[in-house]
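A closer look at the structure
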Amino acid sequence: IKLNSYHHSRETTTPAKKASAAIDPRSSFSDPDSKTMVRGVSTLVVASWSAVVAFQAPVSPPPSRSLRATVAPSEEATTPFVTTESAAIMAEAKEIMPGGVSSPVRAFKSVGGDPIVFDHVAGAYCYDVDGNQYVDYVGTWGPAICGHANEEVNEALRAALEKGTSFGAPSLNENVLAKMVIDAVPSVEMVRFTNSGTEACMGMLRMVRAYTKRDYVVKFEGCYHGHADGFLVQAGSGVATLGLPDSPGVPRGATAGTLVAQYNDLDSVRELLENHEVAAVVLEPVVGNSGFIPPTQEFLEGLRELTTKHGALLVFDEVMTGFRISYGGAQEYFGVTPDVTTMGKVIGGGLPVGAYGGKKEIMEVVAPAGPMYQAGTLSGNPLAMTAGIKTLEILQRDGQYEELDRLTKKLIAGILEAGKAAGHAVCGGSISGMFGFFFCEGPVNNFQDATKSDTAKFAKWHRAMLERGVYLAPSQYEAGFMSLAHTDADVDKTIAAAKDVFENVL
């Protein structure tokens, strides 16, 4: 993993809801308007969480042989787009890993062509093994909110590495990050750390059933809550991308307690609650796994009222939205407080992490405080805790979410304007640093609406944007992400590339 860092300076002031870890306002750089790419940080080699860690003297990453993100689309047209090294690596990968990848959506199945193979990342950019540079709007699927290889996070990690990569025992930083999460997220009074969003949702599912002594759980078509058997029912995201409505290998009994409602449709939820003893209603408060689909305020408020009335718990899966659309997540943004929240991505600062939390009386059913068992060898890993603490410190600084919102609105407005001007049916939107768009007239209020999007056109769009130095999620059914490392220049070049593709390719 090459830790090429990106220094982003901002005035540092804390919000009213301060975290337990102290923030030194002197940690920002002297020029608050400057963004300096810092290269040549240590190369870190970690074979596994418990492996030997070796440091290499400062080196500079190989220069990009085709800095596509730094030239105008008209100039790029004359520059060959070469990915021969990526193709060779992927050919080998397909012989030794299923589909050549470690997670399905990375395989580019829905957009065609082979994936590009990353060499390193820095700031708002990713670089492939062929030397091509891209403006990155995937951000490792959400965690890189401060930009890739942020130097402040890297510095904290280097110090933590000297203490060890894994303890398998309690550590102070677990307390620090736990208190930061509790201070920030309205619904959380107690939290349990895990190693992924999937694992967090697995623990949450068992906990809500143990607490309520009920079996049924309501989820929504197109919402994804990890790959646990009980949730792989009309799950959107990679399942929809691969055309698998449900996954083979999931026994019928594993999904017998899973009920499916329509997102943004209170009547479909009301009917299920009236006819079943439901333990919990679980949803992505802003859908990111069917593309970007926001809720109506009435929908979230109605869910809160209905679940309370019927004795069911309300669960927000904020693995994607937590600390991204606001510091307190979607529940702070919309002013609707669930009983339980799952988290991941941003709270690990780019390292494997997950968490679930909620009211103390609910969380105390979890072992060893209570009888509901859940465990993990690497849960609360010191590296993930360290990266999470520093990332949340950065996010607390004044104006961070306002800047994410400004840049993201500019990006999505520019893309939609260019598409419509060229005669294409497009719709979309954004909240803070999360966005998405569809190749259809819209509006898109649920997964069924999302399926009306022209996925063939999206595939063509995706490849053309890739060739122009813009890296987007390789699926129509995924949200995009802005980071604090992105600049107006990055957004302007992306919009210019989009205009070129809309007018000359699609």
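See the structure printed just above.
Residues numbered from 1 in each chain as written. Predicted model: local features only at pLDDT ≥ 70, side-chain atom pairs only at ≥ 80, totals over all residues. Heavy atoms only, no water.

**What to know about the sheet that holds strand β11 (residues 278-283)**
Just so we agree on the cut-off: When DSSP finds two or more bridges between two strands, those strands count as paired. Helix numbers and strand numbers start at the N terminus; a helix is a DSSP run of H or I with at least 4 residues, a strand a run of E with at least 2. Here an axis means a line fitted to C-alpha atoms, over the contact stretch when the element is a helix, while the angle between two N-to-C directions is reported on a 0 to 180 degree scale.
What the 7 strands build is an open sheet, ordered β8-β14-β13-β12-β11-β9-β10; its pairing is mixed. Every interior strand has two partners, whereas the edge strands, β8 (190-194) and β10 (258-261), have only one. When the angles between neighbouring strand axes are averaged without regard to direction, this sheet yields 20 degrees. Examined bridge by bridge, strand β9 (residues 216-220) and β10 share 4 bridges and lie parallel to one another.

**Some remarks on the packing of aromatic side chains**
Spelled out, the test is: For this analysis, a ring pair means two rings from Phe, Tyr or Trp (six-membered ring only for Trp) whose centres lie within 6.5 Å, classed as stacked if their planes differ by under 30 degrees, edge-to-face if by over 60, and tilted for the remaining angles. Here the term buried applies to any residue with accessible area under 20% of the maximum for its type, exposed to any over 50%, and partly exposed to those in between, with areas from a 1.4 Å probe on protein chains only.
Inspection of every chain in the model, using the stated rule, returns 16 aromatic pairs. Taking 5.6 Å as the distance between ring centres and 80 degrees as the angle between the ring planes, the aromatic pair formed by phenylalanine 220 and phenylalanine 299 counts as edge-to-face. Residue phenylalanine 220 is located in strand β9, and its partner phenylalanine 299 is located in helix α8 (residues 297-310); the two are separated by 79 residues in the primary sequence. The same class applies to phenylalanine 220 as to phenylalanine 299, namely buried. With a centroid separation of 6.4 Å and 65 degrees between ring planes, the pair formed by phenylalanine 439 and phenylalanine 458 is classed as edge-to-face. Of this pair, phenylalanine 439 sits in the loop between β16 (434-438) and α13 (447-450) while phenylalanine 458 sits in helix α14 (residues 455-467), and the two are 19 residues apart along the sequence.

**Digging into the pairing of strand β13 (residues 340-344)**
The line we're drawing: Place the viewer so that the strands point away; then a crossover is right-handed whenever the path from the first strand over the helix to the second strand goes clockwise.
With 5 of 5 residues buried, β13 lies mostly within the body of the structure. Burial of β13 is two-sided: the residues Val340, Thr342 and Gly344 facing one way and the residues Thr341 and Met343 facing the other way are all buried. As a crossover connection, the stretch from strand β12 (residues 313-317) through helix α9 (residues 329-334) into β13 is right-handed.

**What to know about the packing of helix α7 (residues 266-275) against α8**
As a reminder of what qualifies: Our angle categories are set so that under 35 degrees counts as roughly parallel, over 145 as roughly antiparallel, 65 to 115 as roughly perpendicular, and the remainder as oblique. Residue contacts are counted whenever heavy atoms from the two residues lie within 4.5 Å of one another. Amino acid classes used here: Ala, Val, Leu, Ile, Met, Phe, Trp, Tyr, Cys and Pro are nonpolar; Asp, Glu, Lys and Arg are charged; the rest, including Gly, are polar.
Relative orientation of the contacting elements α7 and α8 amounts to 10 degrees, with a least axis distance of 10 Å. Taken as axis vectors, α7 and α8 run roughly parallel relative to one another. When α7 is examined against α8, the residues Leu266, Val269, Arg270, Leu273 and Glu274 are found in contact with a partner set consisting of Glu298, Phe299, Gly302, Leu303, Leu306, Thr307 and His310. Across the contact of α7 with α8, the residue classes tally to 6 nonpolar, 3 polar and 3 charged.

**Some thoughts on unusual backbone geometry**
The omega angle of the peptide bond from alanine 367 to proline 368 is 5 degrees, so this bond is cis rather than trans. Tracing the backbone through its elements, the reader meets proline 368 in the loop between α10 (360-363) and α11 (382-395). For the bond running from glycine 442 to proline 443, omega is 0 degrees, close enough to zero to count as cis. One can find proline 443 in the loop between β16 and α13. With a phi close to 65 degrees, asparagine 264 is a non-glycine residue in the positive phi region. Following the sequence through the fold, asparagine 264 ends up in the loop between β10 and α7. The backbone of lysine 345 sits at a positive phi, close to 50 degrees, despite the residue not being glycine.

**Observations regarding the pattern of salt bridges**
Here is the rule: Whenever Lys or Arg places a side-chain nitrogen within 4 Å of a carboxyl oxygen from Asp or Glu, that contact is recorded as a salt bridge.
According to the stated counting rule, one finds 17 salt bridges in the structure shown. With its nearest N and O atoms 2.8 Å apart, the salt bridge here joins aspartate 500 to arginine 468. Linking aspartate 500 in helix α15 (residues 488-504) with arginine 468 in the loop between α14 and β17 (470-471), this pair joins segments that are 32 residues apart in sequence. Using a relative accessible area of 16% as the deciding quantity, one classes aspartate 500 as buried. Of the residues examined, arginine 468 reaches a relative accessible area of 15% and is grouped as buried. The shortest N-O distance in the salt bridge between lysine 499 and glutamate 503 comes to 2.8 Å.

**As for the nonpolar core**
It is characteristic of soluble globular proteins that their nonpolar side chains tend to be buried jointly. This is how the line gets drawn: Nonpolar core, defined: a set of buried Ala, Val, Leu, Ile, Met, Phe, Trp, Tyr and Cys residues in which side-chain atoms within 4.5 Å join the residues together.
Core analysis: the biggest nonpolar cluster contains 77 residues, and Tyr137, Phe323, Met343, Leu395 and Trp461 have the highest contact counts within it. Look past the residues within four positions of tyrosine 137 in its chain and what remains in contact with it is Leu411, Phe435, Val470, Tyr471, Leu472, Gly480, Phe481, Met482, His486, Asp490, Val491 and Thr494. Val278, Leu300, Ala330 and Cys427 belong to the second-largest nonpolar core, a separate cluster that totals 39 residues.

**Description of the environment of histidine 227**
Relative to the assigned elements, histidine 227 resides in the loop between β9 and α6 (237-241). For the pair histidine 227 and glycine 197, spaced 30 residues apart in the sequence, the C-alpha separation amounts to 9.6 Å. Not counting the four nearest positions on each side in its chain, histidine 227 is found in contact with Thr198 and Leu232.

**Describing the sheet that holds strand β5 (residues 118-122)**
As a general point, the strands of a sheet are linked pairwise by backbone hydrogen bonds and lie either parallel or antiparallel. Across the sheet, 4 strands lie side by side as β5-β6-β7-β17; this open sheet has mixed pairing. Both edges of this open sheet fall to β5 and β17, since each of them pairs with a single strand only. In the sheet, strand β7 (residues 133-136) pairs with β17 via 2 bridges, with the strands oriented parallel. Bridging from a neighbouring strand, aspartate 136 pairs with tyrosine 471 of β17.

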